[in-house]
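Chain by chain, the residues:
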Amino acid sequence: MAQVPVNVTVTGAAGQIGYALLFRIASGQLLGPDTPVKLRLLEIPQAVKAAEGTAMELDDCAFPLLRGIDIFDDPRQAFDGANVALLVGARPRTKGMERGDLLEANGGIFKPQGEAINAGAADDIRVLVVGNPANTNALIAQAHAPDVPAERFTAMTRLDHNRAISQLAAKLGVPVTDISKLTIWGNHSATQYPDIFHAEVAGKNAAEAVNDEAWLSGTFIPTVAKRGAAIIEARGASSAASAANAAIDHVHDWVLGTPEGDWTSAAIVSDGSYGVPEGLISSFPVVSRDGRWEIVQGLEIDAFSRERIDASVQELTEERDAVRKLGLI
Ligand SMILES: NC(=O)c1ccc[n+]([C@@H]2O[C@H](COP(=O)([O-])OP(=O)(O)OC[C@H]3O[C@@H](n4cnc5c(N)ncnc54)[C@H](O)[C@@H]3O)[C@@H](O)[C@H]2O)c1
Ligand SMILES: O=C(O)C[C@H](O)C(=O)O
């Protein structure tokens, strides 16, 4: 019997990540080669025409799995019946904008989107927030969707995870497929902590294989944490194809499961594990089983890691307090 298409809502559809993402969703890379999809694109009114242009190109690909494209400028309509929501559109920081202004501007986007998800999304809705500041935007949306299980709101640290794998593999001169069990902790920001102490390279401990603390502290951690800024500096625009790729990886693994013997990183609602205050949306080592993220338990955290995890979690706490003060959660 023909499968019912999955409704995938993408916000910021006319933006650069949207352009890199939509064709991959439509080709089956998000949900697998047997799952038809319907795209529901959300844009601001001024960008609807550009989204229509992208939709024309999607049509022109004649993707066998693509069963429809609808374009909206109203979140209530865009999230109606959504099974998967990729929240990409966000208000970027502009010159002279303080962090509080940025949080407030994004609150104006993610609060109504959370409300719209609450009002009309499908019962199995899964939300990935990509738009920055991703963790706190996800927290705002989640706070306005009280009828949706909190665990369905996540933020993207998979790009950081993939960046860290790539850097570590290059240092060790091995293919990326040899690296497993790497973790990004905390916020998708420069305070994030890429942790190789539990990572493995071809089954052996990665930190022991590296055996170079100066490289770890002075090169690896800052390179991964500041990679987004380095790409903006080099490209004159923020990462787009790699961000879209990470969004595909995140949702694919969430829905279809992570491989046995490995884990990945995702920012999910904390249950208090590893001392991260309950309710914060923070990055953890996670596996996905039966369509649910689970935090990998029992990892030993030494003083080096503890200090770095705590610093990033502290930043998330401050962001949460700031949006609370603004009445956004
Ligand atoms: N989490 C990550 O790893 C990661 C990585 C890269 C980029 N990002 C973030 O992703 C976001 C998007 O990046 P981009 O390069 O595609 O930006 P972009 O400016 O090219 O596109 C953003 C799009 O969002 C739209 N938009 C703005 N407000 C909207 C709203 N209320 N509803 C629907 N659409 C809206 C804009 O019209 C625009 O088309 C940025 O916040 C960026 O910082 C996150
Ligand atoms: O958009 C940015 O500020 C950078 C982005 O989050 C990235 O990590 O590439």
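Nothing here was measured: the structure is a model prediction, and the numbers come from that model.

A. Molecular detail of the sheet that holds strand β7 (residues 179–180). Spatial strand order, β7-β10-β11: three strands in an open sheet with antiparallel pairing. If you trace the sheet from one side to the other, it starts and ends with β7 and β11 (204–205), each paired once. Note that strand β10 (residues 200–201) and β11 share two bridges and pair antiparallel. The residue bridging Glu200 from the neighbouring strand is Asn205, located in β11.

B. Up close: the pairing of strand β4 (residues 84–87). Where burial is concerned, the two faces of β4 agree: the one with Val84 and Leu86 and the one with Ala85 and Leu87 are both buried. One crossover worth recording links β4 to the parallel strand β5 (residues 126–129) by way of helix α4 (residues 99–120), and it is right-handed.

C. Up close: the UniProt feature "binding site: NAD(+)" (unreviewed entry) in the protein. The positions UniProt marks with the feature "binding site: NAD(+)" (unreviewed entry) are Gly12, Ala13, Ala14, Gly15, Gln16, Ile17, Gly18, Asn106, Gln113, Val130, Gly131 and Asn132. Look past the residues within four positions of Gly12 in its chain and what remains in contact with it is Gly18, Leu42, Glu43 and Gly89. You can see Asn106 is positioned in helix α4. In contact with Asn106, other than residues within four places in its own chain, are Ala90, Arg91, Asn132, Pro133 and Asn137.

D. Local environment of the environment of Lys181. For Lys181, the position within the fold is in the loop between β7 and β8 (183–185). Along the chain, Lys181 and Pro285 lie 104 residues apart, while their C-alpha atoms are 7.9 Å from each other. Residues within four places of Lys181 in sequence aside, it is in contact with His198, Ala199, Glu200, Gly261, Asp262 and Trp263.

E. Quick peek at the packing of aromatic side chains. The final tally for this structure, using the stated rule, is seven aromatic pairs. For the pair Tyr19 and Phe23, a centre-to-centre distance of 5.4 Å together with 65° between the ring planes defines the contact as edge-to-face. A residue pair is termed a helical-turn pair when its members lie 3 or 4 positions apart in one helix, as Tyr19 and Phe23 do in helix α1 (residues 16–26) at four residues. The class of Tyr19 is partly exposed, set by a relative accessible area of 41%. Since its relative accessible area comes to 16%, Phe23 is described here as buried.

F. Region of interest: the UniProt feature "domain: Lactate/malate dehydrogenase N-terminal" (unreviewed entry) in the protein. Per the UniProt record, "domain: Lactate/malate dehydrogenase N-terminal" (unreviewed entry) is found at residues 7–147. Secondary structure across residues 7–147 divides into 43% helix and 18% strand, with the first and last C-alpha atoms of the span separated by 19 Å.

G. Region of interest: helix α6 (residues 158–172). The end-to-end C-alpha distance of α6, which contains 15 residues, comes to 21 Å, matching closely the 21 Å that a straight helix rising 1.5 Å per residue would cover. For α6, the set of buried residues is Arg158, Leu159, Asp160, His161, Arg163, Ala164, Ile165, Leu168 and Ala169. Residue Gly173 follows α6 closely and has a positive phi angle near 65°.

H. Spotlight on the site of ligand 1. Around ligand 1, 23 residues are found, and the nearest of them are Gln16, Ile17, Glu43, Val130 and Asn132. Contacts to ligand 1 include Gly12, whose backbone N or O atom sits 3.3 Å from a nitrogen atom. One nitrogen or oxygen atom from the side chain of Asn132 is found 2.8 Å from an oxygen atom belonging to ligand 1. In isolation ligand 1 has 860 Å² of accessible area, and contact with the protein removes 81% of it. Contributions of two or more residues to the shell around ligand 1 are made by α1 and α4. Residues belonging to the shell around ligand 1 are distributed by class as follows: twelve nonpolar, ten polar and one charged.

I. Representation of the nonpolar core. Judged by nonpolar contacts, the single largest core of 38 residues is most densely connected at Leu168, Leu182, Ile196, Phe220 and Phe284. Counting residues in each nonpolar core, the second largest holds 32 residues, with Ala13, Phe23, Ile25 and Met156 among its members.

J. How the structure looks around the pattern of salt bridges. The full count for this structure, using the stated rule, is nine salt bridges. Ionic pairing is found between Asp253 and Arg158, a salt bridge with its closest N-O pair at 3.0 Å. Taken together, the positions of Asp253 in helix α10 (residues 241–256) and Arg158 in helix α6 put the pair 95 residues apart, joining distant regions of the chain. Each member of the pair Asp253 and Arg158 is classed as buried. Glu200 is the partner of Lys181 in a salt bridge, and the nearest nitrogen-oxygen pair spans 3.5 Å. A residue pair is termed long-range when its members are at least 10 positions apart, and Lys181 in the loop between β7 and β8 and Glu200 in strand β10 qualify at 19 residues.

K. Molecular detail of the site of ligand 2. In the vicinity of ligand 2, the contacting residues are Asn132, Arg163, His188, Gly228, Ile232, Ser238 and Ser239. With respect to ligand 2, the side chain of Arg163 contributes an N or O atom lying 2.7 Å from an oxygen atom. One nitrogen or oxygen atom from the side chain of His188 is found 2.6 Å from an oxygen atom belonging to ligand 2. A breakdown of the residues in the shell around ligand 2 according to their chemical character gives one nonpolar, five polar and one charged.

L. View of the environment of Ile295. Of note, Ile295 is situated in strand β14 (residues 292–295). On the accessibility criterion, Ile295 (12% relative accessible area) is buried. Through-space distance from the C-alpha of Ile295 to that of Tyr274 is 9.7 Å; in sequence the pair is 21 residues apart. Apart from residues no more than four positions distant in its own chain, Ile295 is found in contact with Ile268, Asp271, Ser273, Tyr274, Phe284, Pro285 and Val286.

Cut-off values and rules
Residues numbered from 1 in each chain as written. Chains lettered and ligands numbered in written order. Predicted model: local features only at pLDDT ≥ 70, side-chain atom pairs only at ≥ 80, totals over all residues. Heavy atoms only, no water. Pairing = 2+ DSSP bridges. Helix = DSSP H or I, 4+ residues; strand = E, 2+ residues; numbered from the N terminus. Buried < 20%, exposed > 50% of the residue type's maximum accessible area, 1.4 Å probe, protein only. Right-handed = clockwise from strand over helix to strand, strands pointing away. UniProt positions renumbered as here; feature names shortened; annotations may be inferred. Contact = heavy atoms within 4.5 Å. Phe/Tyr/Trp six-rings, centres within 6.5 Å; stacked < 30°, edge-to-face > 60°. Expected span 1.5 Å × (residues − 1). Near = heavy atom within 4 Å. Polar contact = N/O pair within 3.5 Å; in protein donor to acceptor, adjacent residues only side chain to side chain. Areas by Shrake-Rupley, 256 points an atom, 1.4 Å probe, with all protein chains shown as cover. Nonpolar A, V, L, I, M, F, W, Y, C, P; charged D, E, K, R; others polar. Core = buried A, V, L, I, M, F, W, Y, C linked by side-chain atoms within 4.5 Å. Salt bridge = Lys/Arg side-chain N within 4 Å of Asp/Glu carboxyl O.

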